[in-house]
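Chain by chain, the residues run as shown.
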Amino acid sequence: MTSTAFDSAALAAPAHDDAAAAPAVALTIAGSEATGGAGAQADLKTFQELGVFGIANLTCIVSFDPQDNWNHRFVPVDQQVIAHQLEATTAAYGAASGAPSVLDTVKIGMLGSPATISTVAEALAGSAFKNVVLDPVLICKGQEPGHALDTDQALKAQILPLATFVTPNHFEAESLSGLEITDLESLKAAAIRIHELSGAAVLAKGGVRLAGPDAVDVYYDGDTLEVLSAPKVGDVAVSGAGCSLAAAVTAELAKGATPLEAARTAKAFVTAGIRNRVASGAPFDALWQGGPR
Ligand code: PXL
């Protein structure tokens, strides 16, 4: 048997007390998706890839069911445990730590129940995040629209008003705006409407849902309206694309980018990740966060 000596000295980073050298920090409040394509795992991989120290506080555990058409098996994390995670994280990295606060940017992914929405809304109301990026996960692939109306309504009432940046997909943009989206013009109208409702910068995603050769998203922040477009890569949605897009926005905001710059970088990041996607035995491929490399 051979063994290779592990030279830890070669990997050791020089000790530093230079705060400027420390990475930006970002938190995701999201669910675990067991196969690693979506959810908190996608967020953390995106943060890491973009040079940001990632923290995940889990809201639920999703395990697809290969015996039942890959539908979601959803288990919420206990409310007290969600509150404890948020308490620990904000005490360690937020203003409560006594040290300068390094955590001013949070992403919110799947919450999944009205109870979790209340727990998270309460924790956020008691903290002072500068950037609150909301990926308004209303339903996932395999779920029926309208499956969880109470959750959708609670998200709109309690979380949307806290958001500074929101990234709805086609379905979510229709639901949040109340408008039907059939083309670029109606996607623009929906983005404007969602901004008016929330005050947040909006990146509304047409994705593969709108006809045409390009995957088109609309950015609107009250001043600037910009259409972000990239050639479609296939016609099938890729797992983790929405999570990674919002996570990339979050990472860029944590590093100090403007919302528009963050949107542009995130679009390029996701396009490269879809181009280099990972195939699996599931009926959908997963985005590869290492795609841009
Ligand atoms: O892609 C949306 C999403 C977000 N978060 C979790 C998920 C999914 C979809 O599967 O499971 C945990």
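Residues numbered from 1 in each chain as written. Predicted model: local features only at pLDDT ≥ 70, side-chain atom pairs only at ≥ 80, totals over all residues. Heavy atoms only, no water.

### Remarks on the packing of aromatic side chains
Item 1. Within the structure shown, the criterion is met by 4 aromatic pairs.
Item 2. Between Phe165 and Tyr219, the aromatic rings sit 6.3 Å apart at their centres with planes inclined by 50°, giving tilted as the arrangement. Of this pair, Phe165 sits in strand β6 (residues 165-166) while Tyr219 sits in strand β8 (residues 214-220), and the two are 54 residues apart along the sequence.
Item 3. With a relative accessible area of 1%, Phe165 lands in the buried category.
Item 4. Joined through ring pairs, the aromatic side chains of Phe64, Trp70 and Phe284 make up one cluster. (Phe/Tyr/Trp six-rings, centres within 6.5 Å; stacked < 30°, edge-to-face > 60°. Helix = DSSP H or I, 4+ residues; strand = E, 2+ residues; numbered from the N terminus. Buried < 20%, exposed > 50% of the residue type's maximum accessible area, 1.4 Å probe, protein only.)

### What about the sheet that holds strand β4 (residues 105-108)?
Item 1. The sheet built from 9 strands is open, its strands ordered β3-β2-β1-β4-β5-β6-β7-β8-β9 with mixed pairing. Looking at the sheet topology across the chains shown, the edges are occupied by β3 (71-76) and β9 (225-231).
Item 2. The sheet contact formed by strand β7 (residues 201-205) and β8 spans 4 bridges and is antiparallel. What sits directly across from Lys205, in β8, is Asp217.
Item 3. The sheet strands contacting helix α9 (residues 259-275) are β6, β7, β8 and β9, and the helix crosses β9 at an angle near 10°. (Pairing = 2+ DSSP bridges. Contact = heavy atoms within 4.5 Å. Axes fitted to C-alpha atoms, helices over the stretch in contact; angles between N-to-C directions.)

### Observations concerning helix α8 (residues 241-254)
Item 1. Spanning 14 residues, α8 covers 20 Å between terminal C-alpha atoms, matching the ideal 20 Å at 1.5 Å per step.
Item 2. Summarising burial for α8: 13 of the 14 residues are buried, a large majority.
Item 3. Looking one or two residues past α8, Gly256 carries a phi angle of roughly 105°, positive in sign. (Expected span 1.5 Å × (residues − 1).)

### Description of the pattern of salt bridges
Item 1. Counted according to the given criterion, the structure contains 9 salt bridges.
Item 2. Residue Glu185 pairs with Lys188 through a salt bridge whose shortest N-O separation is 3.2 Å. With Glu185 and Lys188 both in helix α7 (residues 184-198), this residue pair falls 3 residues apart, about one helical turn.
Item 3. The closest approach of N and O atoms between Lys267 and Asp217, which form a salt bridge, is 3.1 Å. Residue Lys267 is located in helix α9, and its partner Asp217 is located in strand β8; the two are separated by 50 residues in the primary sequence.
Item 4. You can call Lys267 buried: its relative accessible area is 10%. (Salt bridge = Lys/Arg side-chain N within 4 Å of Asp/Glu carboxyl O.)

### With respect to the side chain of Ser244
Item 1. Note on placement: Ser244 falls in helix α8.
Item 2. A distance of 2.7 Å separates a polar atom in the side chain of Ser244 from the backbone oxygen of Gly240.
Item 3. Those residues in contact with Ser244, other than ones at most four positions away along the chain, are Ala42, Thr46, Val270, Leu287 and Gln289. (Polar contact = N/O pair within 3.5 Å; in protein donor to acceptor, adjacent residues only side chain to side chain.)

### Regarding the packing of helix α4 (residues 114-125) against helix α5 (residues 149-159)
Item 1. Their axes nearest at 9 Å, the elements α4 and α5 cross at an angle of 10°. Between α4 and α5, the angle falls in the class roughly parallel. In this structure, α4 meets α5 at a crossing whose hand is right-handed. On the side of α4, the interface is formed by Pro114, Ile117, Ser118, Val120 and Ala121, while α5 contributes Asp150, Thr151, Ala154, Leu155, Gln158 and Ile159.
Item 2. Grouping the constituent residues of the contact of α4 with α5 by class yields 7 nonpolar, 3 polar and 1 charged. (Parallel < 35°, antiparallel > 145°, perpendicular 65-115°, else oblique. Left-handed = near helix turned anticlockwise from the far one by under 90°. Nonpolar A, V, L, I, M, F, W, Y, C, P; charged D, E, K, R; others polar.)

### Examining helix α6 (residues 170-177)
Item 1. If you check which residues of α6 are buried, you get His170, Glu172, Ala173, Leu176 and Ser177. One side of α6 carries all its buried residues, which in axial view fall inside an arc of 165°.
Item 2. Packing partners of the buried residues in α6 comprise α5, β6, α7 and β7.
Item 3. Directly beyond the C-terminal end of α6, a positive phi value near 75° is found at Gly178. (Arc of directions from axis to C-beta.)

### Concerning the pairing of strand β2 (residues 53-65)
Item 1. Summarising the sheet, strand β1 (residues 25-33) and β2 pair through 8 bridges and their orientation is parallel. Each bridged residue has a counterpart across the sheet, and for Glu33 the counterpart in β2 is Val62.
Item 2. Examined bridge by bridge, β2 and β3 share 6 bridges and lie antiparallel to one another. Considered in β3, the bridge of Ile61 is made with Val75.

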